[in-house]
Amino acid sequence: MTLVVEPSPEPSAPAAPPLSDLVARDAREFGVYARTGGWAFALMVARSVRPGGQAAGESPKVSAKEFAELAGCSPERVMRHYRAWDRAADDGLVPHFETLEPGQETGLPDADVWLSYYVSRNSATSERGTAIAQAAEAEGIRPTKALEVAENPTALRAAILADPSTAHAARAALLDRVREDPGLQAELARDVVRTDDLKKAVATESRAADRIGYVRQIAESGRIRTPAGQTVEAPADLREEAERHLSLIDELEDGEDTGEWATEAYDTMRSLVAETVEADPELRVQERRTRFYSSLQKATRAFEELTFDDAQDYYEDDMVRRLEELQQAIGTCLSALRGAGAHHSHG
């Protein structure tokens, strides 16, 4: 009898346990959320919560309050998702509430668009959030976009540092705000004067603005201020020259440096004003008279400020010598004026 030994069967790989429906459902829901973010939850609200104005008997949908009770969360949270969907429907990204039925699936926007439409409780209801939302509406943009930027100042900083057009927009916005915010005005002024390069730039721009102001005053008022400080009518050709320079400056682009143009316009007008004074005998005399009185007033004021109560404490021979020289100069002035007066009276 031959003994036949049957080969033992190969050990088979353990059979995979059946996939749990619960695990599969979790994976599917996780995938939906990973792709769409809050839109997945907003859809649940959109297809299950009655739109405003719809009566209870008209649809199987429930109120936001009932939905919140079933979900174990606040009605406010449900309504934030509801409003996000409503805004997106207005923009054509998702279907309107009325077209959706409970359980209905629909294509959803990408997850990164969600934050543009969803307003979190903190930013939406705070005083700061309300102000940002109102400003956004005034600018004609969606409040959620402004709130999102406001809640991520690091991103705002990065955009300003990296992108010139963002920096220009930020500069314009800061200037608008500075006009209404004295505190920010003072802080910005301190920052400028503590930064040497900015301080020099401000001084340069201020000088250019003053020079343009000088030319603009002549062009617009038709009057000139002489070196001695008289204000008189500007000759027609001088006023036309001021207008010509001003039109060249006004045509410059925002980014162009006005300094060189301002200096040229200012120097030209100053020369023309000096020529105008010299060309008119009466005006030339008046100019010298005005300058004399101005110098005399300064000298008088300087002497009135001198006191000699404790002169012994700081006395030096040089002081007396200088005053004696000054006394001689005043004597010469007096002689000249008295001579001129005698000549004038004889004339």
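Residues numbered from 1 in each chain as written. Predicted model: local features only at pLDDT ≥ 70, side-chain atom pairs only at ≥ 80, totals over all residues. Heavy atoms only, no water.

Engineer: Is there a simple way to explain the overall build of the protein chain in this structure?
Structural biologist: From N to C terminus, the protein chain includes 17 helices and two strands. Radius of gyration (C-alpha) of the protein chain: 42 Å, far over the 20 Å computed for a compact globule of 347 residues. Taking the principal axes of its C-alpha atoms as reference, the protein chain extends roughly 165 × 60 × 50 Å. When burial is assessed residue by residue, the protein chain has 24% of its 347 residues classed as buried. In the protein chain, of all internal contacts separated by at least 6 residues, the share reaching a separation of at least 24 is 55%. Accessible surface for the protein chain amounts to roughly 25,100 Å². Of this, 55% is attributable to carbon and sulfur atoms. (Helix = DSSP H or I, 4+ residues; strand = E, 2+ residues; numbered from the N terminus. Rg over C-alpha atoms; globule rule 2.2 N^0.38 Å. Buried < 20%, exposed > 50% of the residue type's maximum accessible area, 1.4 Å probe, protein only. Contact = heavy atoms within 4.5 Å. Areas by Shrake-Rupley, 256 points an atom, 1.4 Å probe, with all protein chains shown as cover.)

Engineer: Is there a simple way to explain the pattern of salt bridges in this structure?
Structural biologist: Once the charged atoms of two side chains with opposite charge are near each other, the side chains can pair. As enumerated under the stated definition, the model contains twelve salt bridges in all. Linking glutamate 220 and arginine 216 is a salt bridge whose minimum nitrogen-to-oxygen distance equals 3.7 Å. A residue pair is termed a helical-turn pair when its members lie 3 or 4 positions apart in one helix, as glutamate 220 and arginine 216 do in helix α12 (residues 196-221) at four residues. For glutamate 220, a relative accessible area of 56% gives the class exposed. Measuring nitrogen to oxygen at the nearest pair gives 2.3 Å for the salt bridge that ties arginine 321 to aspartate 318. Residue arginine 321 and its partner aspartate 318 are both found in helix α17 (residues 317-346); the two are separated by three residues, about one turn of the helix. Three or more residues joined by partner-sharing salt bridges are found here, namely Asp318, Arg321, Arg322 and Glu325. (Salt bridge = Lys/Arg side-chain N within 4 Å of Asp/Glu carboxyl O.)

Engineer: In this structure, what is going on with a negative patch on the surface? I would like to understand it.
Structural biologist: Among the surface-exposed residues, Glu205, Glu253, Glu256, Asp257, Glu260, Glu264 and Asp267 lie close enough to one another that they form a single negatively charged patch. In terms of residue count, the dominant contributor to the negative patch is helix α14 (residues 259-279) (three residues). Along the chain, aspartate 267 turns up in helix α14. A relative accessible area of 41% places aspartate 267 in the partly exposed class. (Patch = residues over 30% accessible without salt bridge, like charges linked within 9 Å, V, L, I, M, F, W, Y side chains within 5 Å. Lys, Arg positive; Asp, Glu negative; His and termini not counted. Charge placed at Lys NZ, Arg CZ, Asp CG, Glu CD.)

Engineer: Please explain helix α1 (residues 21-36) as it appears in this structure.
Structural biologist: Every α-helix carries 3.6 residues per turn, so stepping three or four residues along brings you back to the same face. In this model α1 runs 22 Å from its N-terminal to its C-terminal C-alpha over 16 residues, within 8% of the 22 Å that 1.5 Å per residue would give. Put simply, serine 20 is the residue that caps the front of α1, since its side-chain oxygen is 3.0 Å from the backbone nitrogen of leucine 22. After α1 finishes, the residue glycine 37 shows a positive phi value of roughly 60 degrees. (Expected span 1.5 Å × (residues − 1). Polar contact = N/O pair within 3.5 Å; in protein donor to acceptor, adjacent residues only side chain to side chain.)

Engineer: So what exactly am I meant to see when it comes to the nonpolar core here?
Structural biologist: Most often, soluble globular proteins have nonpolar side chains that are buried together. Membership of the largest hydrophobic core comes to 22 residues, with the highest contact counts inside it found for Trp39, Val45, Val49, Phe67, Val78, Trp85 and Trp114. Looking at this core, the element that brings in the most residues is helix α4 (residues 75-90), giving six residues. (Core = buried A, V, L, I, M, F, W, Y, C linked by side-chain atoms within 4.5 Å.)

Engineer: Please explain the packing of aromatic side chains as it appears in this structure.
Structural biologist: For any pair of aromatic rings, the description consists of the separation of the ring centres together with the inter-plane angle of the planes. One pass over the full model with this rule turns up six aromatic pairs. Each ring, one from tryptophan 39 and one from tryptophan 85, has its centre 6.3 Å from the other, and the planes form 70 degrees; the classification is edge-to-face. Taken as a pair, tryptophan 39 in helix α2 (residues 39-48) and tryptophan 85 in helix α4 lie far apart in primary sequence, 46 residues in all. The same class applies to tryptophan 39 as to tryptophan 85, namely buried. (Phe/Tyr/Trp six-rings, centres within 6.5 Å; stacked < 30°, edge-to-face > 60°.)

Engineer: Just to check I follow, could you spell out α4 for this structure?
Structural biologist: Spanning 16 residues, α4 covers 22 Å between terminal C-alpha atoms, matching the ideal 22 Å at 1.5 Å per step. Of all the residues in α4, the buried ones are Val78, Arg80, His81, Tyr82, Ala84, Trp85, Ala88 and Ala89. At the exit of α4 stands glycine 92, carrying a positive phi of roughly 80 degrees.

Engineer: Help me understand the packing of helix α10 (residues 164-178) against helix α11 (residues 182-193) in this model?
Structural biologist: The relative placement of two packed helices is expressed as an angle between their axes plus a distance between the axes. Running from N to C, α10 and α11 point in directions that differ by 125 degrees, and their axes come no closer than 8 Å. With respect to α11, the element α10 is oriented oblique. Side by side, α10 and α11 meet where Leu174, Arg177 and Val178 of the first sit next to Leu184, Gln185 and Leu188 of the second. Tallied by class, the residues present in the contact of α10 with α11 amount to four nonpolar, one polar and one charged. (Axes fitted to C-alpha atoms, helices over the stretch in contact; angles between N-to-C directions. Parallel < 35°, antiparallel > 145°, perpendicular 65-115°, else oblique. Nonpolar A, V, L, I, M, F, W, Y, C, P; charged D, E, K, R; others polar.)

Engineer: Help me understand the side chain of histidine 81, please; the structure alone is not making it clear to me.
Structural biologist: With respect to the secondary-structure elements, histidine 81 resides in helix α4. A residue is classified by how much of its surface remains accessible, and histidine 81, at 12% relative accessible area, is buried. Not counting chain neighbours up to four residues away, the residues in contact with histidine 81 comprise Gly38, Phe41, Ala42, Val45, Trp114 and Tyr118.

Engineer: I'm lost on a nonpolar patch on the surface in this one. Help?
Structural biologist: A grouping of Phe303, Leu306, Phe308, Tyr314, Tyr315, Met319, Val320, Leu323, Leu326, Ile330 and Leu334 is seen on the molecular surface, where their side chains present a nonpolar patch of about 980 Å² in accessible area. Per element, the largest residue contribution to the nonpolar patch is six residues, and it comes from α17. Among the structural elements, leucine 306 can be located in the loop between α15 (281-304) and α16 (311-314). What makes leucine 306 partly exposed here is its relative accessible area of 43%.

Engineer: Would you explain the packing of α2 against α4 in this entry?
Structural biologist: Remark: α2 packs on α4, axes separated minimally by 9 Å, with the N-to-C direction vectors making an angle of 95 degrees. Overall, the two elements α2 and α4 adopt an arrangement that is roughly perpendicular. For the pair formed by α2 and α4, the contact residues are Trp39, Phe41, Ala42, Leu43, Val45 and Ala46 on the first element and Val78, His81, Tyr82, Ala84, Trp85 and Ala88 on the second. Residues of the contact of α2 with α4, tallied by class, amount to eleven nonpolar, one polar and no charged.

In short, the description is geometric, and any link to function would need to be established separately.
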